[in-house]
Amino acid sequence: MELASVIDRLEAILGGLQQQEQQSPASLSGGTFSEPAGRLISHWQKLFVVPSEPEASPVQSRLLTELEQQLARLRQGHTRLSGAQQLNGNKLQQVAAQLQQSPFIPAETQARLAKLKHGNEGHEKKLWRLLDCYQTALHLCTEQHSQHQEHYHELCSRLQQLIAEFNFAGEVAIELDKIQRQLSRQTETAQLPGICLRLIELTIEGCRCERKNSTLFLTKLHSNLGEMQHHFAISLSEGQALFDARTHHGQHIAGELRAIGEHLVSQDSEHLKEEIELRMRGISHILVQHERLQEREQSLLKRMNEMDQQIQSLKSETVHFRQQLRAQNEKLFIDSLTQIHNRAGMDARLEIEYRRWLRYQAPLCIALIDIDYFKEINDKYGHLAGDKALRLIARTIQQSLRESDFVARFGGEEFIVLLNNIDPAHLKVPLEKLREQIKNIPFRFKEERVTITASIGATLFRQGDSITSALERTDQALYRAKHAGRDQIVMD
């Protein structure tokens, strides 16, 4: 606007000079000027006239020509400047519109952008307002990206833990191992949905294979049991038949022997010989039948021996299957990272200890241990260093406890400890020892000594307590320990 007013003013001066030249050309050419015109020409010569130019040139004509040239240049510059300002204004409006569509714009920034689109301020003020909006959006974008990265690392760690808890075999196990290695190499964020979907597919496939193997095992077991039942039925029938045959033959032999005895007493010698020969042939026939019964009995024993081998094989398979089921069941209660009990294992053990406490009323303490500023360890040294720290802490806690005590990973960087049959008056002694040992863990990362501290909240089970009420009281004690400066113990 100032440039336009300058051009208008110069055009007015030029018009006045041209009019003056037309009215009195003789006086101008003769070198006599009015006072204002003379001062203007003097200043003009100082600004634009080269000193080496000859003085004889017509000053007024040269002045008008140069003034016209300078005005033409000013008009061109003003036109270009107006076009550039219009173009910049359009660009600012486009940038504001694009920024307004960004998902990282807060509500207050949206309102500022709306004013920017409809405001009548200069480009410079609009540009500064736009930069303020961009700075706000960039800060929000960076903050959300940082949160996204944190959630991403947490998701990768959780997925690796889930994979470690699987106990599949065959191709499914090979694929799961590949995915676990891929997650450990910090996969691209865009690949995580595909990995999760593949894990679901592999889980379904693994369960299907386990179900198929279990079905085959049960089918085989059912078939073997049916075959065993059939063989035992045959063996029972054969045994009964043998028993009846032996009884019958025994009675027959006894009858023959009685008959021989009676005839020996009542008959003469010739007739006795014939009778004895007849009875002997009868006895020989009975002996032949008895041998056949022995062969049948031997065959029955052979079949029973085969059945016994089948039963032994079936028992071996059953024992192996039970061992696999026991291993899977135990693995469900172990935290894959720290190799101590997990939340599920803690629930099972806490239920047992609680029932024992209800029955015997022996003092039972429950303590929650939270590692101070653990997120800073992950952020500064990486998640691998954080995992290493958790393993060292878990091992330190486990070694510090009695054999009858219990420790589990409660979640994240929290651990839970059960101290049974402990003296309430000296309860703080083992907890203080535990806190000091955690603090003295010789943890180093990249040759840098890292000090780890822990806040501990603890309580004893009281009359009328449930598991939930005791846990809530322990959690409140831990909360007070953390907000009282950390690296300390609070008993409730």
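Thresholds, definitions, all that
- Residues numbered from 1 in each chain as written.
- Predicted model: local features only at pLDDT ≥ 70, side-chain atom pairs only at ≥ 80, totals over all residues.
- Heavy atoms only, no water.
- Helix = DSSP H or I, 4+ residues; strand = E, 2+ residues; numbered from the N terminus.
- Buried < 20%, exposed > 50% of the residue type's maximum accessible area, 1.4 Å probe, protein only.
- Contact = heavy atoms within 4.5 Å.
- Areas by Shrake-Rupley, 256 points an atom, 1.4 Å probe, with all protein chains shown as cover.
- Pairing = 2+ DSSP bridges.
- Axes fitted to C-alpha atoms, helices over the stretch in contact; angles between N-to-C directions.
- Salt bridge = Lys/Arg side-chain N within 4 Å of Asp/Glu carboxyl O.
- Phe/Tyr/Trp six-rings, centres within 6.5 Å; stacked < 30°, edge-to-face > 60°.
- Lys NZ or Arg CZ within 6 Å of the ring centre and 35° of its normal.
- Parallel < 35°, antiparallel > 145°, perpendicular 65-115°, else oblique.
- Nonpolar A, V, L, I, M, F, W, Y, C, P; charged D, E, K, R; others polar.
- pLDDT = per-residue confidence, 0-100.
- Expected span 1.5 Å × (residues − 1).
- Arc of directions from axis to C-beta.
- Left-handed = near helix turned anticlockwise from the far one by under 90°.
- Core = buried A, V, L, I, M, F, W, Y, C linked by side-chain atoms within 4.5 Å.
- Polar contact = N/O pair within 3.5 Å; in protein donor to acceptor, adjacent residues only side chain to side chain.

**Student:** How do you make sense of the overall build of the protein chain when you look at a structure like this?
**Tutor:** In terms of helices and strands, the protein chain carries 14 helices and seven strands. Taken across its 492 residues, the protein chain has 29% of its residues classed as buried. Restricting to contacts in the protein chain with at least 6 residues of sequence separation, those with at least 24 account for 66%. Per element, the accessible surface of the protein chain, about 31400 Å² overall, is 55% carbon and sulfur.

**Student:** Would you mind showing me how to read the sheet that holds strand S3 (residues 414-420) here?
**Tutor:** A sheet is described by the order of its strands in space; here five strands give the open sequence S2-S3-S1-S6-S7, paired in mixed fashion. Every other strand in the sheet has two partners, leaving strand S2 (406-411) and strand S7 (489-491) as the edge strands with one partner each. Direction aside, neighbouring strands of the sheet carry axes that sit 20° apart on average. Sheet contacts for helix H14 (residues 467-483): strand S1 (364-371), S3, strand S6 (454-460) and S7; angle to S6, the most-contacted strand, approximately 145°.

**Student:** Where do I start with the pairing of S2 in this structure?
**Tutor:** Remark: a regular strand shows side chains that alternate across the two faces of the sheet. Summarising burial for S2: five of the six residues are buried, a large majority. When S2 meets S3, the two strands line up antiparallel, connected through five bridges. In the sheet register, arginine 409 faces S3, and the bridge partner there is phenylalanine 415. Adjacent in sequence and paired antiparallel, S2 and S3 are bridged by two residues, among which glycine 412 carries a positive phi angle near 60°.

**Student:** Honestly, the pattern of salt bridges in this entry has me stumped. Any pointers?
**Tutor:** Pairing between side chains becomes possible if they bear opposite charge and their charged atoms approach one another. Following the criterion strictly, the structure yields 18 salt bridges and no others. Of the charged contacts in the structure, one is a salt bridge between lysine 375 and aspartate 379, with a shortest N-O distance of 2.8 Å. In this pair, lysine 375 and aspartate 379 are both assigned in helix H11 (residues 374-381), four residues apart and thus about one turn of the helix distant. In this structure aspartate 379 comes out as exposed when scored by relative accessible area, which is 51%. One salt bridge connects lysine 439 with aspartate 487, and the closest N-O pair in it is separated by 3.1 Å. Residue lysine 439 is located in helix H13 (residues 428-439), and its partner aspartate 487 is located in the loop between H14 and S7; the two are separated by 48 residues in the primary sequence.

**Student:** I'm lost on the environment of isoleucine 311 in this one. Help?
**Tutor:** Inspection of the secondary structure puts isoleucine 311 in helix H9 (residues 269-332). Isoleucine 311 sits 83 residues away from methionine 228 along the chain, and the two C-alpha atoms are 8.3 Å apart.

**Student:** In this structure, what is going on with the packing of aromatic side chains? I would like to understand it.
**Tutor:** Between two aromatic rings, the relevant description is the distance of the centres plus the angle of the planes. Counted according to the given criterion, the structure contains three aromatic pairs. Put simply, the rings of Tyr354, Trp357 and Phe461 touch in pairs and so form one group of aromatic residues. In this arrangement the basic side chain of arginine 343 is found over the ring face of phenylalanine 410, its NZ or CZ atom lying 4.0 Å from the centre. The ring of tyrosine 373 has arginine 486 lying over it, and the distance from NZ or CZ to the ring centre is 4.5 Å.

**Student:** Looking at this structure, how should I read the environment of leucine 155?
**Tutor:** With respect to the secondary-structure elements, leucine 155 resides in helix H6 (residues 123-165). Between the alpha carbons of leucine 155 and leucine 192 there is a distance of 8.9 Å; along the sequence they are 37 residues apart.

**Student:** What is the right way to look at the packing of H11 against helix H12 (residues 383-400) in this model?
**Tutor:** Relative placement of two packed helices is described by the angle separating their axes and the distance separating the axes. At a minimum axis distance of 6 Å, the contact between H11 and H12 shows a crossing angle of 135°. One element, H11, and the other, H12, form an angle in the oblique class. Two secondary-structure elements touch here, H11 through Phe374, Ile377, Asn378 and Tyr381 and H12 through His383, Ala385, Gly386, Ala389 and Leu390. Class assignment for the residues of the contact of H11 with H12 results in six nonpolar, three polar and no charged.

**Student:** In this structure, what is going on with the confidence of the model for the protein chain? I would like to understand it.
**Tutor:** Reading fine detail from the predicted coordinates is not recommended where pLDDT is low. Counting all residues, the mean pLDDT for the protein chain is 77, and 72% of those residues have values of 70 or more. In the model, residues 26-30 has pLDDT below 50 throughout and makes five contacts with residues more than four positions away in sequence or in other chains. Low confidence marks residues 52-57, where pLDDT is under 50. Its contacts with residues over four positions away, or in another chain, come to two contacts.

**Student:** Explain helix H7 (residues 171-184) here, please?
**Tutor:** One turn of an α-helix holds 3.6 residues; hence residues three or four places apart share an orientation. Under the 1.5 Å per step criterion, the end-to-end length of H7 is 20 Å for 14 residues, consistent within 8% with the ideal 20 Å. Within H7, the full set of buried residues consists of Val172, Leu176, Ile179 and Leu183. Burial along H7 is one-sided: seen end-on, the buried residues are contained in an arc of 60°.

**Student:** Looking at this model, I keep getting lost on the packing of H12 against H13. Mind explaining?
**Tutor:** Two elements in contact, H12 and H13, have axes separated by 10 Å at closest approach and are oriented at 145°. Between H12 and H13 lies a crossing of right-handed hand. Facing H12, whose interface residues are Thr396, Ile397 and Ser400, H13 presents Lys433, Leu434, Gln437 and Ile438. Tallied by class, the residues present in the contact of H12 with H13 amount to three nonpolar, three polar and one charged.

**Student:** So what exactly am I meant to see when it comes to the pairing of S3 here?
**Tutor:** Where burial is concerned, most of S3 is hidden: seven out of the seven residues are buried. Note: S1 against S3, seven bridges, orientation antiparallel. Each residue of the ladder has a partner; that of isoleucine 366, found in S3, is leucine 418.

**Student:** Can you help me understand the nonpolar core in this one?
**Tutor:** One recurring pattern in soluble globular proteins is that nonpolar side chains are buried together. Of all hydrophobic cores here, the largest spans 35 residues; its most connected members are Ile369, Ile397, Phe415 and Val417. Elements with a minimum of two residues in this core: S1, H11, H12, S3, H13 and S6. The element contributing the most residues to this core is H12, with seven residues. Ignoring any residue separated from it by four or fewer positions in sequence, one finds isoleucine 397 in contact with Ile369, Val407, Phe415, Val417, Leu434 and Ile438.

**Student:** Mind showing me how you'd approach the side chain of arginine 409 here?
**Tutor:** With respect to the element layout, arginine 409 can be found in strand S2. Judged by its relative accessible area of 10%, arginine 409 is buried. Of note is the side chain of arginine 409, whose polar atom sits 3.0 Å from the backbone oxygen of glycine 412. Beyond its immediate stretch of four places on either side in the chain, arginine 409 contacts Gln161, Asp335, Leu337, Thr338, Ile340, His341, Asn342, Arg343, Leu390, Glu414 and Phe415.

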